[in-house]
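# Residue-level structure breakdown
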Amino acid sequence: MFRRRPRVDDQLYGRLMTSFGRVVDLDSFVARPAAALAEKVAAEAPAVVAALDQRLYAGAAVYHLRLLAGSWIMVRDGNVPRATAEVFEEAVAWRFGPLVAGAGALAHRLSALARGEGERQE
């Protein structure tokens with residue numbers, strides 16, 4: 001069916017970052033896998049990540065991706081509604097997209113991997 005995309009603005013983005021910034025790193029069972037997912041996606045597009053970090057601050061891309069990954073892990077644990085992680089995915093894509101060409105795709109790639117939709121590598 002038709003789905004309305006969330007209306008993302010700076011206030012919503014700030015609330016999501018603050019909320020997940022407070023909880024993702026507190027639980028090592030969320031923090032470690034979230035960091036691994038963020039690093040994997042960052043390693044797939046190092047030039048895009050470097051450009052984002054240059055536009056924002058050092059480590060910004062991986063930090064934002066890590067919080068997004070944490071939101072998906074928390075969805076799997078039943079601690080966060082799926083719709084919240086979906087909105088966060090769109091928000092990260094919204095934030096990254098205008099800064100660097102192709103950067104919005106990082107949020108979608110990470111989310112697909114977090115949902116188990118990506119290819120497995122041995």
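The structure contained in this document is the topic of the report that follows. (Residues numbered from 1 in each chain as written. Predicted model: local features only at pLDDT ≥ 70, side-chain atom pairs only at ≥ 80, totals over all residues. Heavy atoms only, no water.)

### Some remarks on the pattern of salt bridges
Overall, the coordinates contain seven salt bridges when judged by the stated rule. With a shortest N-O distance of 2.4 Å, Arg66 and Asp25 are connected by a salt bridge. With a gap of 41 residues between them, Arg66 in helix α4 (residues 60–77) and Asp25 in the loop between α1 (10–23) and α2 (28–44) connect regions that are remote in the sequence. One continuous salt-bridge network, built from bridges that share partners, spans Lys40, Glu44 and Arg109. (Salt bridge = Lys/Arg side-chain N within 4 Å of Asp/Glu carboxyl O. Helix = DSSP H or I, 4+ residues; strand = E, 2+ residues; numbered from the N terminus.)

### Some words on the side chain of Ser111
Along the chain, the position of Ser111 falls in helix α6 (residues 104–114). The exposure class assigned to Ser111 is buried, which follows from its relative accessible area of 0%. Of note is the side chain of Ser111, whose polar atom sits 3.4 Å from the side chain of Glu89. Residues within four places of Ser111 in sequence aside, it is in contact with Leu68, Trp72 and Glu89. (Buried < 20%, exposed > 50% of the residue type's maximum accessible area, 1.4 Å probe, protein only. Polar contact = N/O pair within 3.5 Å; in protein donor to acceptor, adjacent residues only side chain to side chain. Contact = heavy atoms within 4.5 Å.)

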